[in-house]
2 protein chains.
Amino acid sequence: MTRTIFAAFLLASASPALPQPVPPQIAQLRDAALHDDYAWDIVEGLTTEVGPRLAGTEQEARARAWSVAKLRAMGFANVRVETFPVPVWVRGAEHAEITVPFPQPLAVTALGNSAATPPQGIEAELVGFDTMEQFEAAPDEAVRGKIVFVSHAMARTQDGSSYSASIAPRSRGPSVASRKGAAAIVIRSIGTDYHRNPHTGVMSFAEGVTPIPAGALSIPDAEQVQRILKRGQPVRMRLVLTPRQLGTGESGNVIAEVGGRDPDAPPLLVSCHLDSWDLGTGAIDDAAGCAIVAAAAKRIMDIGRPLRPIRIVWFGAEEIGLLGGEDYRRRHGGQPHYLLAESDFGAGRIWKVDSKLGPARVEEARALQRALAPLGIVPGSLDVAGGPDISAMIADGHPGVSLRQDGTDYFDLHHTPDDTLDKIDPETLRQNVAAWTTMLAVLSGGIEPEPKRPRRR
Amino acid sequence: MTRTIFAAFLLASASPALPQPVPPQIAQLRDAALHDDYAWDIVEGLTTEVGPRLAGTEQEARARAWSVAKLRAMGFANVRVETFPVPVWVRGAEHAEITVPFPQPLAVTALGNSAATPPQGIEAELVGFDTMEQFEAAPDEAVRGKIVFVSHAMARTQDGSSYSASIAPRSRGPSVASRKGAAAIVIRSIGTDYHRNPHTGVMSFAEGVTPIPAGALSIPDAEQVQRILKRGQPVRMRLVLTPRQLGTGESGNVIAEVGGRDPDAPPLLVSCHLDSWDLGTGAIDDAAGCAIVAAAAKRIMDIGRPLRPIRIVWFGAEEIGLLGGEDYRRRHGGQPHYLLAESDFGAGRIWKVDSKLGPARVEEARALQRALAPLGIVPGSLDVAGGPDISAMIADGHPGVSLRQDGTDYFDLHHTPDDTLDKIDPETLRQNVAAWTTMLAVLSGGIEPEPKRPRRR
């Protein structure tokens, strides 16, 4: 598309009474992206050739090396890594069993930053609570020296809104348990599936609280424990969790660019996170996101040069506390960005577009809505945008766009061994690429073909 | 139902031109069973209070004690255990990882009767085959000293017919691998799901073949290994499997009865298996079967006394080689049985009835088909019946009935950690109980109310 056509499109869009049709070039880019293979190539490669990539570990370093090579091979400019230090916690042995009254093993995994039991584990009475509120209301003497089990009810939601409502047993449970003198805590996994795959996830002990072993049971196991507890007999559990804190390691953000025709224009930042939990291969969380945003940028680059630069950021160390986003903000938060966007909610269909481009850019936001509509994407808020690694910068005042994925099944897989490539539907991945490509086409200021270089013989 | 009504029903059924309606008493029993709670009570109790129950282990002994107490509490007669010796194999540590070129862990489990690696495991080159045929055709030098990976394609089928077609890598693979000089073998799990839960299952090494370590990868891991192998670089795997053969232990069949009015009449044998694999709690394989057949017998007993006795058999040690069925046949195979039936294909809806009652009892078989039709059960063969533990006796000439369950999802869960209570739909379980109750009502020769005993003050 020529710059002139694009400018006319935006200008025309400025008339609210008469929304303009989507320019044919944008529609063409969008529709061609529905046949995309770049994203599958990335997500297949990263999950196969690297696999799990826990923040601060050798595996994450291998992922960065893989990513730099990949992004360079794809032809992006200024491919680089910005490193930063991170605390490193690694999983050890994991085992739980009921010893009394009905001996049987349980599927357990340690939560990130869990303390370790001795190698042979601990055995103690198990005391159960159906909700975090029940647990917090319990007197200390009811749990002192015991292993605490905390359940909760997490609903399946399209927008993932149940996550923050259900996460207290993981985020606060271990600190509360330690304060009450518990020997350890196991929670019902924060998830919506019924497989014997526990969901890990980060937590941190509150200031001054002694770390204790903290694990998550798979949901079938959590319900089994509830059934056993409800028999009313004393229940004892043996728990072995031997994770280790390894001190400070290195993480990093992998950055790549599509140069803009205007070298001074602020970039469109499209992002994901490269690190993953260690249990699966981090396919939906978040190799898919990295694949989607890079594929979209590549599709723009394939047809020419946008007015504004596109900056791809594959954040490091998201899972252990959004540390990549923090580092980027520290380094670049003071520089203008044309928009920030992040793909980090799996590989489900995009069904809604939210944005927060500011009052002066409402027509741009509306043009984006119109261009996305043929992909089955409904217009959302014009005053909301976010993403784990970018929300702090959006709160600082940077503009943002959020292409909302359908997360109905996301918490079936999230942070489990089951987060693997086979869970990604290639067609749905392509719909994501088409949406991101459209977003970049609409907002990058117009793409012009690169001048043909004479062929060398 | 009085004996007279029932006899009239069977007599009337003998006229092929004019099939008779199902007697109201049978229809009533059938429909009442759709509200059954006995089966859920059993399957919930056994999976919660015992959990996994591997043949020959203390857990299986606890399951027998639980079952005897339960069946006595339900009011069955002659509740007893017939014990027999079994070889005992137990699982140890299990770990697999790719070490070269893309280091990452894999989800693995040992197949029953696998030999052990040293505690620290073995590391060797990995050589892969997409089918058992490819593997068998490979020259010995291609696999000698290596770890063999064998894949296969198992289709999802309603009747489970794909199981026997897909099982060769598990049943014969380890012997072939050992004969060719392989260090170990890992197969793609025999299953149809995409979860990181490997499927175990029994195998035995052929006569004279040296046992080697033999494991199954979960299906996502098996496909990951195929992707890695297809990169064309040399691949190395580390494998730790430390199961042990513990020598001879004890298993047993738990037997209970509903007395018949005719003490000399041959019994209707309804069965399942009580043992399970150790990874899950054996909910669909086969606590559900035990629950269904006992619930049906209990529902008959609740309304009166059948002409012919009903014998419930919860077989032991099915999973490790149908040893409970063998023991029963050795002890009782020479005695007449009115029919043999077994529930051991999960907890899915019954959709078809097959039987093999013999040419003289075709009208009885037809009456059974008519009585089951309102449950959505189609008439099947009149010359086929079976079940893992009873097929040998049916081959000997005993009559049999098979109430065929829908197994479309059965091999998602079969022999995995995921075989847990939450996978059972209580409504579908009730449909099973209704079908088995109907079968017993139609074929047990008529149920008469017990004479009322005078109440003692």
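This structure is a prediction, so every number in the text was calculated from the model and none was measured.

Caption draft 1: Spotlight on the overall build of chain A. Of the regular secondary structure elements, chain A holds 16 helices and 18 strands. The C-alpha atoms of chain A give a radius of gyration of 24 Å, which matches the 23 Å a tight globule of 457 residues would have. The principal-axis extent of the C-alpha atoms belonging to chain A is close to 80 × 50 × 40 Å. Within chain A, contacts between residues separated by at least 24 positions form 82% of all contacts whose residues are at least 6 apart in sequence.

Caption draft 2: Representation of the relation of the copies chain B and chain A within the structure. Once chain B is rotated about the relating axis by 180° and shifted along it by 0.0 Å, it coincides with chain A to within an RMSD of 0.0 Å. Each copy turns onto its partner about a two-fold axis. Both copies present the same face, since 100% of the interface residues in chain B are matched by interface residues at the equivalent positions in chain A.

Caption draft 3: Looking closely at the pairing of strand 8 (residues 214–217) of chain A. All names here are of chain A. Alternating positions in strand 8 separate into two faces, Ala-214 and Ala-216 on one and Gly-215 and Leu-217 on the other, with burial throughout. Bridge count for strand 4 (residues 108–110) against strand 8 is three bridges, and the pairing is antiparallel. Paired with Ala-110 across the two strands is Gly-215, which belongs to strand 8. Taken together, the four bridges between strand 7 (residues 184–188) and strand 8 define a ladder with parallel strand orientation. The residue bridging Val-186 from the neighbouring strand is Gly-215, located in strand 8.

Caption draft 4: The arrangement of the interface of chain B and chain A in detail. Taken together, the contact pairs 21 residues of chain B with 21 residues of chain A. Among the elements of the structure, helix 3 (38–49) and helix 9 (219–229) of chain B are those that each provide at least two residues to the side of chain B that touches chain A. Its residues assigned to classes, the side of chain B that touches chain A shows eight nonpolar, seven polar and six charged.

Caption draft 5: Here's a closer look at helix 2 (residues 24–33) of chain A. Residue and element names in this part refer to chain A. Residues Ile-26, Leu-29, Arg-30 and Ala-33 constitute the buried set of helix 2. Projected down its long axis, helix 2 carries its buried residues within an arc of 95°, all on one side. Each element contacted by the buried residues of helix 2 is listed here: helix 11 (283–303), helix 13 (362–372) and helix 16 (426–443).

Caption draft 6: Fine view of the domain arrangement of chain A. Residues and elements named next belong to chain A. For chain A, the domain assignment lists domain 1 (3–89 + 247–448) and domain 2 (92–242). One C-alpha centre belongs to domain 1, the other to domain 2, and the line joining them spans 35 Å. On the side of domain 2, 19 residues touch domain 1, which itself brings 19 residues to the contact. Looking at which element gives the most residues to the side of domain 1 that touches domain 2, the answer is helix 15 (residues 410–413), with three residues. Here the residues of the side of domain 1 that touches domain 2 sort into eight nonpolar, six polar and five charged.

Caption draft 7: Just the environment of Ile-26 of chain B, in detail. Residues and elements named next belong to chain B. Assignment of secondary structure puts Ile-26 in helix 2 (residues 24–33). Look at Ile-26 and you get buried, because 24 C-beta atoms sit within 10 Å. A C-alpha to C-alpha distance of 6.2 Å links Ile-26 and Ala-441, two positions 415 residues apart in sequence.

Caption draft 8: Region of interest: the sheet that holds strand 3 (residues 104–106) of chain A. Residues and elements named next belong to chain A. Strand order across the open sheet formed by eight strands is 3-2-9-5-6-7-8-4, with mixed pairing between neighbours. Here the strands that pair on one side only, and so sit at the sheet edges, are strand 3 and strand 4. Pairs of neighbouring strands in the sheet enclose a mean axial angle of 30°, with direction left out of account.

Caption draft 9: Looking closely at the sheet that holds strand 5 (residues 122–129) of chain B. Residue and element names in this part refer to chain B. Taken in spatial order, the eight strands make up an open sheet running 3-2-9-5-6-7-8-4, and their pairing is mixed. Strand pairing shows two members of the sheet lacking a second neighbour, strand 3 (104–106) and strand 4 (108–110), which therefore form its edges. Strand-to-strand, the axes of this sheet are offset by a mean angle of 35°, without reference to chain direction.

Caption draft 10: The arrangement of the confidence of the model for chain A in detail. Residues and elements named next belong to chain A. Mean pLDDT for chain A: 95, with 95% of residues reaching 70 or above. Within chain A, the element-level pLDDT minimum falls on helix 1 (residues 3–13), averaging 44, and the maximum on strand 13 (residues 310–315), averaging 99. Here residues 1–17 scores under 50 on pLDDT; set against residues more than four positions off or in separate chains, the count is 27 contacts. On the interface metric, ipTM, the complex scores 0.93, and its pTM is 0.93.

Caption draft 11: Fine view of helix 13 of chain A. Among the residues of helix 13 of chain A, Glu-364, Ala-365, Ala-367, Leu-368, Ala-371 and Leu-372 of chain A are the ones counted as buried. Angular distribution of buried residues about the axis of helix 13 of chain A spans 160°; they occupy a single face of the element.

Caption draft 12: Representation of the packing of helix 3 (residues 38–49) of chain A against helix 4 (residues 58–73) of chain A in the model. All names here are of chain A. Contact geometry of helix 3 with helix 4 gives a least axis separation of 10 Å together with a crossing angle of 150°. One finds that helix 3 runs roughly antiparallel with respect to helix 4. Between helix 3 and helix 4 lies a crossing whose hand is right-handed. Two secondary-structure elements touch here, helix 3 through Ile-42, Gly-45, Leu-46 and Glu-49 and helix 4 through Ala-63, Trp-66 and Lys-70. Within the contact of helix 3 with helix 4, the residues separate by chemical class into four nonpolar, one polar and two charged.

Caption draft 13: Seen up close, unusual backbone geometry. Across the junction of Val-100 of chain B and Pro-101 of chain B, the peptide omega takes the value 0°, indicating a cis bond. Inspection of the secondary structure puts Pro-101 of chain B in the loop between strand 2 (94–100) and strand 3. Residue Asp-285 of chain B is joined to Asp-286 of chain B through a cis peptide bond whose omega torsion reads 15°. Secondary-structure assignment places Asp-286 of chain B in helix 10 (residues 283–303). Located in the positive-phi region is His-415 of chain A, a residue other than glycine, with phi close to 65°. Mapped onto the elements of the fold, His-415 of chain A is located in the loop between helix 15 and helix 16. Assessed through the 29 C-beta atoms surrounding it within 10 Å, His-415 of chain A is described here as buried. Of note, the phi angle at Leu-322 of chain B is positive, near 60°, even though the residue is not glycine.

Criteria and cut-off values
- Residues numbered from 1 in each chain as written.
- Chains lettered and ligands numbered in written order.
- Predicted model: local features only at pLDDT ≥ 70, side-chain atom pairs only at ≥ 80, totals over all residues.
- Helix = DSSP H or I, 4+ residues; strand = E, 2+ residues; numbered from the N terminus.
- Rg over C-alpha atoms; globule rule 2.2 N^0.38 Å.
- Contact = placed C-beta atoms within 7 Å.
- Least-squares fit on C-alpha atoms with pLDDT ≥ 70 in both.
- Buried ≥ 20, exposed ≤ 12 C-beta atoms within 10 Å, placed from the backbone.
- Pairing = 2+ DSSP bridges.
- Nonpolar A, V, L, I, M, F, W, Y, C, P; charged D, E, K, R; others polar.
- Arc of directions from axis to C-beta.
- Domains from an automatic or database assignment.
- Axes fitted to C-alpha atoms, helices over the stretch in contact; angles between N-to-C directions.
- pLDDT = per-residue confidence, 0-100.
- Parallel < 35°, antiparallel > 145°, perpendicular 65-115°, else oblique.
- Left-handed = near helix turned anticlockwise from the far one by under 90°.

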